[in-house]
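Here are the chains, one letter per residue:
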Amino acid sequence: MSTHLTRRKFLKTAALVLIPLVAVTRQASANSNSIVRAELKYQNTPMGNMNCSTCLEFIPGKSDKDSGRCKVIAGDDEISPNGYCTKWNSM
Ligand code: SF4
């Protein structure tokens, strides 16, 4: 077996291992910041007509229904557009 074939086999094996690993890692990258959520009394439901989708701190997800992020709750990418917290900001 030549060195070239061995390298090719190694790269194929590495790809078979790394591609699923990257997929799993990306899935695991969804995070919520439970400490700040608790401090701000975050909830996944609106408070009257106040919700994250109408808050200036909200960074929308891919669609109107997808979870997004919040400028106030660092490291959290599971903020519901229908959520609410005590830092709701309309101005
Ligand atoms: S500050 Fe509160 S209400 Fe506004 S987007 Fe962030 S979590 Fe939602």
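Rules used in this analysis
Residues numbered from 1 in each chain as written. Predicted model: local features only at pLDDT ≥ 70, side-chain atom pairs only at ≥ 80, totals over all residues. Helix = DSSP H or I, 4+ residues; strand = E, 2+ residues; numbered from the N terminus. Buried ≥ 20, exposed ≤ 12 C-beta atoms within 10 Å, placed from the backbone. Core = buried A, V, L, I, M, F, W, Y, C linked by C-beta atoms within 7 Å. Contact = placed C-beta atoms within 7 Å. Near = placed C-beta within 6 Å. Nonpolar A, V, L, I, M, F, W, Y, C, P; charged D, E, K, R; others polar.

Caption draft 1: Focus on the overall build of the chain. Of regular secondary structure, the chain possesses 2 helices and 2 strands. Out of the 91 residues belonging to the chain, those deemed buried represent 15%.

Caption draft 2: Local environment of unusual backbone geometry. Despite not being glycine, Lys41 shows a phi value in the positive range, around 55 degrees. Its place among the elements puts Lys41 in the loop between α2 (34-39) and β1 (58-59). Overall, Lys41 belongs to the exposed group, with 11 C-beta atoms counted inside 10 Å.

Caption draft 3: Focus on the nonpolar core. Tyr42, Cys52, Cys55, Phe58, Cys70, Val72, Ile73, Ile79, Tyr84, Cys85 and Trp88 form the largest nonpolar core, which has 11 residues in total. Not counting residues within four places of it along the chain, the set of residues in contact with Cys52 comprises Phe58, Cys70, Ile79, Ser80, Pro81, Asn82, Gly83 and Tyr84.

Caption draft 4: Structural context of the site of the ligand. In the region of the ligand, 15 residues are neighbours, and Cys52, Cys55, Phe58, Cys70 and Cys85 sit closest. The residue makeup of the shell around the ligand, split by class, is 11 nonpolar, 2 polar and 2 charged.

Caption draft 5: Focus on the environment of Asp77. Checked against the element boundaries, Asp77 lands in the segment after β2 (69-70). Taking the C-alpha atoms as reference, Asp77 lies 5.7 Å from Asn31; in sequence the two are 46 residues apart. For Asp77, the residues in contact, after removing those within four places along its chain, are Ala30, Asn31, Ser67 and Arg69.

Caption draft 6: Representation of the environment of Gly48 in the model. Positionally, Gly48 belongs in the loop between α2 and β1. We classify Gly48 as exposed; it has 7 C-beta atoms within 10 Å.

Caption draft 7: Representation of the environment of Asn82. Within the secondary structure, Asn82 sits in the segment after β2. In this structure Asn82 comes out as partly exposed when scored by C-beta crowding, with 14 C-beta atoms within 10 Å. Along the primary structure Asn82 and Asn49 are separated by 33 residues, whereas in three dimensions their C-alpha atoms are 9.8 Å apart. Here Asn82 is in contact with Asn44, Thr45, Pro46, Asn51 and Cys52, once residues within four sequence places are set aside.

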